[in-house]
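For reference, the chains in residue letters:
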Amino acid sequence: MGNRRLHGCLGLVVGVALSMLTTLVLGRGVHACDPGAHNRVDETFLLYFFVPALAAVLLMAWVVVGAVLAGHTLTHCVALAVTLLGLCWCALSFFWSGPTHGCPTGVPGWWPASLPAPGF
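## Here's the deal with the environment of Gly11
Phase 1 of the analysis: Its location among the elements puts Gly11 in helix α1 (residues 2-33).
Phase 2 of the analysis: A residue is classified by how much of its surface remains accessible, and Gly11, at 1% relative accessible area, is buried.
Phase 3 of the analysis: On a C-alpha basis, the gap between Gly11 and Leu59 in space is 5.8 Å, while along the polypeptide they are 48 residues apart.
Phase 4 of the analysis: Apart from residues lying up to four places away in sequence, Gly11 is in contact with Leu59 and Trp62.

## Points about helix α2 (residues 43-68)
It helps to recall that an α-helix has 3.6 residues per turn; residues three or four apart then point in one direction.
Phase 1 of the analysis: Look at α2: 36 Å from first C-alpha to last across 26 residues, which is about the 38 Å you get at 1.5 Å a residue.
Phase 2 of the analysis: For α2, the principal kink sits at Phe50 and spans about 35 degrees; a proline, Pro52, occurs within the next four residues.
Phase 3 of the analysis: What α2 keeps buried is the set Leu46, Phe50, Val51, Leu54, Ala55, Leu58, Ala61, Trp62 and Val65.

## Quick notes on the packing of α2 against helix α3 (residues 73-95)
Between two packed helices, the angle of one axis relative to the other and the distance separating the axes together describe the packing.
Phase 1 of the analysis: At a closest axis distance of 10 Å, the pairing of α2 and α3 adopts a crossing angle of 155 degrees. The angle between α2 and α3 places the two elements in the roughly antiparallel class. Note that α2 runs across α3; the crossing there is right-handed. Contacts from Phe45, Phe50, Leu54, Val57, Leu58, Ala61, Trp62, Val65 and Gly66 in α2 reach His76, Ala79, Leu80, Thr83, Leu84, Leu87, Cys88, Ala91 and Phe95 in α3.

## Re the side chain of Thr23
Phase 1 of the analysis: The residue Thr23 is located in helix α1 in this model.
Phase 2 of the analysis: On the accessibility criterion, Thr23 (12% relative accessible area) is buried.
Phase 3 of the analysis: Among the polar contacts listed, one links the side chain of Thr23 to the backbone oxygen of Ser19, at a separation of 2.6 Å.
Phase 4 of the analysis: Excluding residues within four positions of it along the chain, Thr23 makes contact with Leu46, Phe50 and Val51.

Thresholds, definitions, all that
- Residues numbered from 1 in each chain as written.
- Predicted model: local features only at pLDDT ≥ 70, side-chain atom pairs only at ≥ 80, totals over all residues.
- Heavy atoms only, no water.
- Helix = DSSP H or I, 4+ residues; strand = E, 2+ residues; numbered from the N terminus.
- Buried < 20%, exposed > 50% of the residue type's maximum accessible area, 1.4 Å probe, protein only.
- Contact = heavy atoms within 4.5 Å.
- Expected span 1.5 Å × (residues − 1).
- Bend = angle between axes of the 7 residues up to and from the residue.
- Axes fitted to C-alpha atoms, helices over the stretch in contact; angles between N-to-C directions.
- Parallel < 35°, antiparallel > 145°, perpendicular 65-115°, else oblique.
- Left-handed = near helix turned anticlockwise from the far one by under 90°.
- Polar contact = N/O pair within 3.5 Å; in protein donor to acceptor, adjacent residues only side chain to side chain.

Structure representation (structure tokens):
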């Protein structure tokens, strides 16, 4: 039972860390492209809704992937990384503002050219 509790706590820590990182990228991206945009993404929404909701979704994904692939260590690690990063990318893409007056391409100047721009 102790090993499962440790993995659950690790999942919570990873989920909160990834949700905070996703929130940081989303907030900086929106405010870099449209500094006056408080209708789409604001700090209150990010802090009190987005971070806990995304952390809960990531924790659920952690548990489901762990339950399905328990015992297959390498496959479990790869599937967990792909699932968690994919969920973060989807959450980022859902709230990404796209092309604006400040960023006609929809991507701020600091965004790495090697990564595709988020958005659906």
